[in-house]
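# Summary of structural features
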Amino acid sequence: MQTPKDQKPKELKVTDKRIFTPEGDIREEFRGEIKPSEPQLAKPAEPKPPEQPAQERREKNAGPPPGGERRKSVAEKAENPGTPFADFVQQLIAQAYMFLGMLRSPHAPKPVVDVAAARDMIEILTMLKEKTAGNLTPDEDDFLSTHLGELKLAFVQRTKTI
């Protein structure tokens, strides 16, 4: 009778299925399937307009924006644009407000202040803002920026009173 110690372990075969070699070249078995793309010609950079003094910029920007558009108020920027990302962020914002004691949790009779958890939520939202920079719609960016600023202000005000 053989015991498990007497049996030889089965051999394990590892096959590298990556397309590229460590040097970045296409492996031989994939050369027929994949062809390198044509390099894109880079467009020349457009020259920047000369810098204006700050006073001239303020005077220039004093009027309403061109095209009849008006600037959004803080309340309009704080409105949820209704995208899945904004809905996700809204839940994190609500949790941060609950940790600051500004919203009552449905599971607790009184608002509870948890400064460390509020700080963590603000840091998570800040990280999300940094990682999604340039990938959000203007409405999503306004929504996140407005609430993040309000949360930071509320955090400072709450920690001063504690």
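Residues numbered from 1 in each chain as written. Predicted model: local features only at pLDDT ≥ 70, side-chain atom pairs only at ≥ 80, totals over all residues. Heavy atoms only, no water.

## Concerning the overall build of the chain
Selection rule: The helix and strand labels rest on DSSP assignments: H or I over at least four residues marks a helix, E over at least two residues marks a strand, and numbering proceeds from the N terminus. Exposure classes here rest on a 1.4 Å probe applied to the protein chains alone. A residue is buried below 20% of its type maximum, exposed above 50%, and partly exposed in between. What makes two residues a contact is simply this: any of their non-hydrogen atoms within 4.5 Å.
Across its full length, the chain holds five helices and zero strands. Its helices and strands in sequence order give the chain the pattern α-α-α-α-α, from N to C terminus. Burial statistics for the chain: of 162 residues in total, 19% are counted as buried. In the chain, 54% of the contacts between residues at least 6 apart in sequence involve partners at least 24 apart.

## Digging into the packing of helix α3 (residues 84-99) against helix α5 (residues 138-161)
How we decide: Axis definition: a line fitted to C-alpha atoms, over the contacting stretch in the case of helices. Angles run 0 to 180 degrees between N-to-C directions. Should an angle fall under 35 degrees it is called roughly parallel, over 145 degrees roughly antiparallel, and 65 to 115 degrees roughly perpendicular, with every other angle called oblique. Residues are grouped as follows: Ala, Val, Leu, Ile, Met, Phe, Trp, Tyr, Cys and Pro are nonpolar; Asp, Glu, Lys and Arg are charged; all remaining types, including Gly, are polar.
Orientation of α3 relative to α5, taken along the N-to-C sense of each, is 5°, at an axis distance of 11 Å. One element, α3, and the other, α5, form an angle in the roughly parallel class. Contacts between α3 and α5 involve F85, A86, V89, Q90, I93, A96 and Y97 from the former and E140, F143, L144, H147, E150 and L151 from the latter. Per-class residue counts for the contact of α3 with α5 are nine nonpolar, two polar and two charged.

## As for α3
The condition that has to hold: Each residue after the first adds 1.5 Å to the expected span of a helix.
Look at α3: 23 Å from first C-alpha to last across 16 residues, which is about the 22 Å you get at 1.5 Å a residue. Where α3 is buried, its residues touch α4 (115-131) and α5. Within two residues after α3, G101 carries a phi angle of roughly 80°, on the positive side.

## So, the environment of F85
Tracing the backbone through its elements, the reader meets F85 in helix α3. Setting aside anything within four residues of it in sequence, one finds F85 in contact with T132, L136, E140 and L144.

## Focus: the confidence of the model for the chain
Worth spelling out the cut-off: Every residue is assigned a pLDDT by the predictor, reflecting its confidence on a scale from 0 to 100.
When the pLDDT values of the chain are averaged, the result is 76; 67% of them are 70 or greater. Per-element confidence in the chain is highest for α4, whose mean pLDDT is 93, and lowest for helix α1 (residues 54-60), whose mean pLDDT is 53.

## Structural notes on the nonpolar core
Put simply, the test is: Joining through side-chain atoms within 4.5 Å is the link that ties buried Ala, Val, Leu, Ile, Met, Phe, Trp, Tyr and Cys residues into a set, and such a set is a nonpolar core.
Core analysis: the largest hydrophobic core is formed by 19 residues, its most contacted members being V89, I93, L100, L125 and L151. Listing elements by their share of this core, those giving two or more residues are α3, α4 and α5. In this structure V89 touches L125, L128, F143 and L144, once residues within four positions along its chain are discounted.

## A short note on the environment of T137
Residue placement: T137 occurs in the loop between α4 and α5. A residue is classified by how much of its surface remains accessible, and T137, at 38% relative accessible area, is partly exposed. Along the backbone, T137 and T83 are 54 residues apart, and their C-alpha atoms lie at a distance of 9.6 Å.

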